[in-house]
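Structure assessment
So the chains spell out like this:
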Amino acid sequence: MIPEVLSEFWQMLSGLQIPDLVLSAIAFVILDMFAIAIIFAAGRESRLCQKRWQKVSSGLELRRHEAQKDYYYPLGADEILLGRHSSADIQLKDPSVSRYHAVLTVTGGIWTITDLNAKSGTFVNDQRIQQKMLAVGDCIRLGNAKLYLTRPPVQEQDD
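Model, not experiment: these values are computed from the prediction.

1. Let's talk about the overall build of the protein chain
- Looking only at helices and strands, one finds two helices and eleven strands in the protein chain.
- Going from the N terminus to the C terminus, the protein chain shows its helices and strands as α-α-β-β-β-β-β-β-β-β-β-β-β.
- Within the protein chain, the fraction of its 159 residues that count as buried is 28%.
- Within the protein chain, contacts between residues separated by at least 24 positions form 33% of all contacts whose residues are at least 6 apart in sequence.
- Total accessible area on the protein chain stands at roughly 11,600 Å², and carbon and sulfur atoms take up 58% of it.

Below, the structure written as structure tokens:
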């Protein structure tokens, strides 16, 4: 099947005259230019979406210190499930943490945490909460696990 198609294509090309080949080449160049323009536009749109998300999410992350090591969890969705279960967005392998312990949500750059009726409760700055708006520096405690709402360190750009 494929050799037949190639054979027919070759016969078609060999029957073309020079002006037809030039027009074909021009058409291919124009199509390539459109393809390149679409690739650049997609990259630009991706960067714009990333900037919009940074504005919506306030560019925050959760930090957890455990066994002399820091763990960072970027807040990259508008709803983040915290818990021990493997399907949790941020999985905390601590037996004092419920499988589905709490959920973080963001609206207009303001993060809110909601307890999902966990046995050990959800605490923000040592106060038990059912739902609470968060601010940078807040300490969230789920069972024995402590998480801090922080801004990621500013990355220096190379010149």
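Moving on, there is more to tell.
2. Details of the sheet that holds strand β4 (residues 90–91)
- What the five strands build is an open sheet, ordered β4-β3-β5-β6-β9; its pairing is mixed. Each end of this open sheet is capped by a strand with a single partner; those strands are β4 and β9 (131–133).

3. Concerning the pattern of salt bridges
- The tally for this structure, following the rule as stated, stands at one salt bridge.
- Here D70 makes a salt bridge to R63, at a shortest N to O gap of 3.9 Å.
- R63 sits in the partly exposed class, given a relative accessible area of 23%.

4. Re the nonpolar core
- Counting residues in each nonpolar core, the largest one holds 22 residues, and the members touching the most others are L62, L75, L82, L104 and I113.
- Listing elements by their share of this core, those giving two or more residues are β3 (79–83), β5 (102–107), β6 (110–115), β10 (139–142) and β11 (145–150).
- In this view, L62 contacts Y71, Y72, Y73, L75, L82, I90, L104, I140, L147, Y148 and L149; residues no more than four positions away in its chain are not counted.

5. Thoughts on the side chain of D94
- Within the secondary structure layout, D94 lies in the loop between β4 and β5.
- Comment: no salt bridge for buried D94; closest opposite-charge side chain is R64, at 7.1 Å.

6. Concerning the sheet that holds β10
- The strand order across the open sheet built from six strands is β2-β1-β11-β10-β7-β8, with neighbouring strands paired in antiparallel fashion. Across the chains shown, the open sheet's two edge strands, defined by having one partner strand only, are β2 (69–74) and β8 (127–129). With direction set aside, neighbouring strand axes in the sheet form an average angle of 30°.
- Here three bridges tie strand β1 (residues 61–66) to β11, and the two strands are oriented antiparallel to one another. Paired with E61 across the strands is T150, a residue of β11.

7. A closer look at unusual backbone geometry
- Of note in this structure, N125 is not a glycine but carries a positive phi near 50°.
- The phi torsion at D126 lies on the positive side, around 65°, for a residue other than glycine.
- Within the fold, D126 resides in the loop between β7 (122–124) and β8.
- Overall, D126 belongs to the exposed group, its relative accessible area being 61%.

Thresholds, definitions, all that
Residues numbered from 1 in each chain as written. Predicted model: local features only at pLDDT ≥ 70, side-chain atom pairs only at ≥ 80, totals over all residues. Heavy atoms only, no water. Helix = DSSP H or I, 4+ residues; strand = E, 2+ residues; numbered from the N terminus. Buried < 20%, exposed > 50% of the residue type's maximum accessible area, 1.4 Å probe, protein only. Contact = heavy atoms within 4.5 Å. Areas by Shrake-Rupley, 256 points an atom, 1.4 Å probe, with all protein chains shown as cover. Pairing = 2+ DSSP bridges. Salt bridge = Lys/Arg side-chain N within 4 Å of Asp/Glu carboxyl O. Core = buried A, V, L, I, M, F, W, Y, C linked by side-chain atoms within 4.5 Å. Lys, Arg positive; Asp, Glu negative; His and termini not counted. Axes fitted to C-alpha atoms, helices over the stretch in contact; angles between N-to-C directions.

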